[in-house]
Amino acid sequence: MTFRMNQHDTLSQRSFIPVGFNISINGTFIAAGAGTLFFNENKFRIYIKYGYRTEPANYYGIGYDQIKQAEKLKELFGKDSITFHKTNLQFFPRFVWEIRPHLYAGALLDINYSYSKDMPSWMEHSPEILAYGKRYHNIGIGGLFQYDTRDDVATPFQGIFLSAMGTLYGKYLGGNFNYEMVELEYRHFKPVFHRRSVLAWTAKTQIGLDHVPYTELPNFGNPFDLRGYPWGKYRDKSMAYGIVEYRHMFMSQEAYERGAFWSKFGAVAWVGTGTLGKTPADWNQWKLNYGVGLRIQLQPRKNFRLDIGKEPGQKWGIYMNMTEAF
């Protein structure tokens with residue numbers, strides 16, 4: 001849903017809070033979302049990520065060497081050899097204030113809980129699982145800086161977004177482990193041909209320090225970055241990826257304003273690459289990713305998306321969501 005926090009504030013972007021539910025016979029229950037609230041003519045924002053998830057999850061180990069061994073196990077014994085059941089609860093708000101035009105600074109809080117069960121034998125006895133256990137919670141605080149000239153947060157047509165974020169997790173805050181996470185992100189959106197066609201590209205890195213639990217390690221291959229990999233397959237203490245994506249909504253802006261049927265539809269195509277390692281010095285193997293997608297505009301600047309992506313030589317992954325990947 002989209003709405004205005006203040007009906008008299010016509011300059012602020014419309015706030016949005018998506019909520020997704022997933023219930024299936026394989027033991028999955030998910031209630032999750034990530035949205036943004038705008039206040040005071042966009043001068044104050046609250047980004048919220050929240051969710052409760054209990055579902056089957058993939059674990060191929062940590063780093064490329066363990067991933068290769070897990071792939072061999074999967075070929076011999078099937079998918080049960082690399083899956084476990086994970087329960088996760090997270091509340092992750094970020095508060096930012098505009099200190100200069102387009103420049104924001106703020107603070108964040110991350111509270112998360114994880115419980116893992118039904119592990120394959122090799123996973124249950126691996127050093128990473130023995131070191132952290134099957135049940136833990138983490139509490140983190142941090143700060144962030146952003147430079148944002150996007151014309152819309154949910155579905156931008158043009159602008160630049162830069163973000164730097166650092167988070168400290170610790171026993172001194174009430175969590176189970178001491179570790180740190182650094183995240184840098186760059187997004188760029190440029191109209192091409194006409195306003196309803198956009199070339200978008202992004203680059204992002206996450207670097208974990210100290211004792212990062214296995215479920216909280218940086219990773220790629222989810223509905224919001226390199227779509228097409230088994231979610232949870234690629235994880236390590238640091239990762240980086242880049243994506244170039246072309247988004248095209250059919251027909252002209254004038255046709256959309258007239259309410260033409262096909263102007264509600266669009267398509268995307270992307271290509272990307274990602275890597276991981278214990279430290280950035282280990283980023284020497286890059287994975288290729290590509291895919292296409294369908295868009296259906298349900299509200300102004302709010303599209304339903306259906307994406308199919310893949311890693312060369314692997315099966316296609318299918319994704320549905322109410323916001324763009326980035």
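Relevant structure appears above.
All right, on to the overall build of the chain then. Across its full length, the chain holds four helices and 18 strands. Taking 20 Å as the expected radius of gyration for a compact globule of 326 residues, we find that the chain reaches 20 Å, a close match to that expectation. Seen through its C-alpha atoms, the chain measures out along the principal axes to roughly 60 × 45 × 40 Å. Counting all 326 residues of the chain, 50% fall into the buried class. Expressed as a percentage of contacts within the chain between residues at least 6 apart in sequence, the contacts between residues at least 24 apart total 59%.

Further remarks concern the nonpolar core. What tends to happen in soluble globular proteins is that the nonpolar side chains get buried as a cluster. The biggest cluster of nonpolar side chains holds 21 residues, and the ones touching the most others in it are F220, L226, Y234, Y241, I243, L276 and F326. Of all elements in the fold, only α1 (64-77), β11 (194-210), β14 (238-249) and β15 (265-277) reach the threshold of two or more residues within this core. Apart from residues lying up to four places away in sequence, I243 is in contact with A200, W201, T202, D225, L226, R227, W270, V271, G272 and F326. Grouped together as the second largest cluster of nonpolar side chains are 16 residues, I62, F84, M123 and L217 included.

Attention now goes to the pattern of salt bridges. This model, assessed by the stated rule, comprises 16 salt bridges. In this structure, E183 and K204 form a salt bridge, with 3.7 Å as the shortest nitrogen-oxygen distance. Taken together, the positions of E183 in strand β10 (residues 179-192) and K204 in strand β11 put the pair 21 residues apart, joining distant regions of the chain. With its nearest N and O atoms 3.1 Å apart, the salt bridge here joins R295 to E324. Within this pair, whereas R295 is found in strand β16 (residues 287-299), its partner E324 is found in the segment after β18 (317-321), the two being separated by 29 residues in sequence. Grouping residues by exposure puts R295 and E324 together as buried. Taken together, the shared-partner salt bridges in this structure form one network comprising R227, E245, R247, R295, R305, D307 and E324.

Rules used throughout
Residues numbered from 1 in each chain as written. Predicted model: local features only at pLDDT ≥ 70, side-chain atom pairs only at ≥ 80, totals over all residues. Heavy atoms only, no water. Helix = DSSP H or I, 4+ residues; strand = E, 2+ residues; numbered from the N terminus. Rg over C-alpha atoms; globule rule 2.2 N^0.38 Å. Buried < 20%, exposed > 50% of the residue type's maximum accessible area, 1.4 Å probe, protein only. Contact = heavy atoms within 4.5 Å. Core = buried A, V, L, I, M, F, W, Y, C linked by side-chain atoms within 4.5 Å. Salt bridge = Lys/Arg side-chain N within 4 Å of Asp/Glu carboxyl O.

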